[in-house]
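If you want the building blocks of each chain, they are given just below.
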Amino acid sequence: MSRRILIFALVMFVSACGLTGPRSMDNEGADSFEEDVRTARSLSEEFWKQQFSQLGRVYLPINAFIPYSGGSGPNCGGAPAAPNNAFYCSAGHFIAYDQTWMESLWSEMGDGSVYVIIPHEFGHAVQAQLQAGFQLNVQAELQADCYAGGTLAALVRSGALTAEPGDENELITSLEAAGDPTDDWLNPSAHGTAEQRQQSFLLGYSRGVTAC
Ligand SMILES: [Zn+2]
């Protein structure tokens with residue numbers, strides 16, 4: 001199945017001019033938010049399964065993929081889930097996301113937001129499997145951005161996702177707005193600066209996850 005990523009930087013630009021609202025990201029115009037989320041999850045896990053296999057390792061799929069709304073999210077090791085957030089919880093090896101928040105990004109910015117945020121969270125799920133004593137910090141966040149870029153590039157190369165020529169450069173501009181707010185992504189020290197995040201994403205996108 002081929003899916004088209006319309007890059008939301010473009011959508012944002014056009015929207016800012018008041019010319020059009022958000023538009024569908026695929027040729028058929030039939031994608032739903034739920035479908036994009038499901039697809040982003042399954043493609044990310046399939047990608048990492050193959051990567052692990054090439055290393056002679058076995059990728060451990062996440063235990064759960066949990067939508068929530070506002071403050072109703074699952075606890076992670078006793079810590080409550082924050083509204084307007086998506087996160088990986090190593091204590092339960094699951095990913096949870098505020099679906100109201102993510103759907104608003106999806107409708108305002110396009111499906112690229114989903115295809116950046118979810119691969120980023122799977123990047124953390126991978127870190128937790130590869131790194132003893134895994135914990136979130138700026139370095140882990142930037143590496144997850146790099147993993148997200150590498151994942152996305154591989155999916156475009158394989159034909160699972162379709163990007164227009166030049167989309168790569170536009171895609172990275174999304175990180176500032178659609179990055180993963182694991183804790184407080186508006187705090188520059190939490191995830192690195194927008195520029196660092198874009199550079200990390202681009203590193204993965206241009207050279208693959210092994211460069212991360
Ligand atoms: Zn993160």
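Relevant structure appears above.
Residues numbered from 1 in each chain as written. Predicted model: local features only at pLDDT ≥ 70, side-chain atom pairs only at ≥ 80, totals over all residues. Heavy atoms only, no water.

1. What to know about the sheet that holds strand β3 (residues 86-89)
Sheet architecture is open: three strands sit in the order β2-β4-β3, paired in mixed fashion. Of all strands in the sheet, those with a lone pairing partner are β2 (64-68) and β3, marking the two edges. Averaged over all neighbouring strand pairs, the angle between strand axes comes to 15 degrees, with direction disregarded. Sheet contacts for helix α3 (residues 99-109): β2, β3 and β4 (94-98); angle to β4, the most-contacted strand, approximately 65 degrees. On the sheet, helix α4 (residues 112-130) packs against β2, β3 and β4 and is oriented at approximately 15 degrees with respect to β3. (Pairing = 2+ DSSP bridges. Helix = DSSP H or I, 4+ residues; strand = E, 2+ residues; numbered from the N terminus. Axes fitted to C-alpha atoms, helices over the stretch in contact; angles between N-to-C directions. Contact = heavy atoms within 4.5 Å.)

2. Some thoughts on the side chain of Arg197
By the element assignment, Arg197 lies in helix α9 (residues 194-207). Relative accessible area serves as the criterion here: at 3%, Arg197 is assigned to the buried category. In this structure the side chain of Arg197 is engaged in a polar contact, spanning 2.6 Å, whose partner is the side chain of Asp145. (Buried < 20%, exposed > 50% of the residue type's maximum accessible area, 1.4 Å probe, protein only. Polar contact = N/O pair within 3.5 Å; in protein donor to acceptor, adjacent residues only side chain to side chain.)

3. So, the pattern of salt bridges
It is possible for side chains of opposite charge to pair when their charged atoms get near one another. One pass over the full model with this rule turns up two salt bridges. The residue Arg41 makes a salt bridge to Glu45 at a minimum N-O spacing of 3.7 Å. Within this pair, Arg41 and its partner Glu45 are both found in helix α2 (residues 33-54), separated by four residues, close to a single helical turn. Taking relative accessible area as the criterion, Arg41 reaches 27% and is therefore assigned partly exposed. Between Asp145 and Arg197 there is a salt bridge whose closest N-O contact spans 2.6 Å. In this pair, Asp145 sits in helix α5 (residues 138-158) while Arg197 sits in helix α9, placing the two residues 52 residues apart along the sequence. Neither Asp145 nor Arg197 differs from the other in exposure class; each is buried. (Salt bridge = Lys/Arg side-chain N within 4 Å of Asp/Glu carboxyl O.)

4. Here's the deal with unusual backbone geometry
Backbone geometry at Asn84 places phi at a positive 55 degrees, although glycine is not the residue there. Accessibility expressed as a relative area gives 46% for Asn84, which makes it partly exposed. Phi at His93 takes a positive value of approximately 45 degrees, unusual for a residue other than glycine. Position of His93 among the secondary structure elements: in the loop between β3 and β4. Of the residues examined, His93 reaches a relative accessible area of 7% and is grouped as buried.

5. Focus: the nonpolar core
Counting 40 residues, the largest nonpolar core has Val37, Trp48, Phe65, Met102, Val114, Ile118 and Phe122 as the members making the most contacts within it. Where this core is concerned, the elements lending two or more residues are α2, β3, β4, α3, α4, α5 and α9. Counting residues per element, this core draws most heavily on α4, at eight residues. Setting aside residues up to four positions removed in sequence, Met102 forms contacts with Phe33, Val37, Tyr97, Val114, Ile117 and Ile118. Ranked by size, the runner-up nonpolar core spans six residues in total, among them Ala81, Phe87, Phe94 and Ala96. (Core = buried A, V, L, I, M, F, W, Y, C linked by side-chain atoms within 4.5 Å.)

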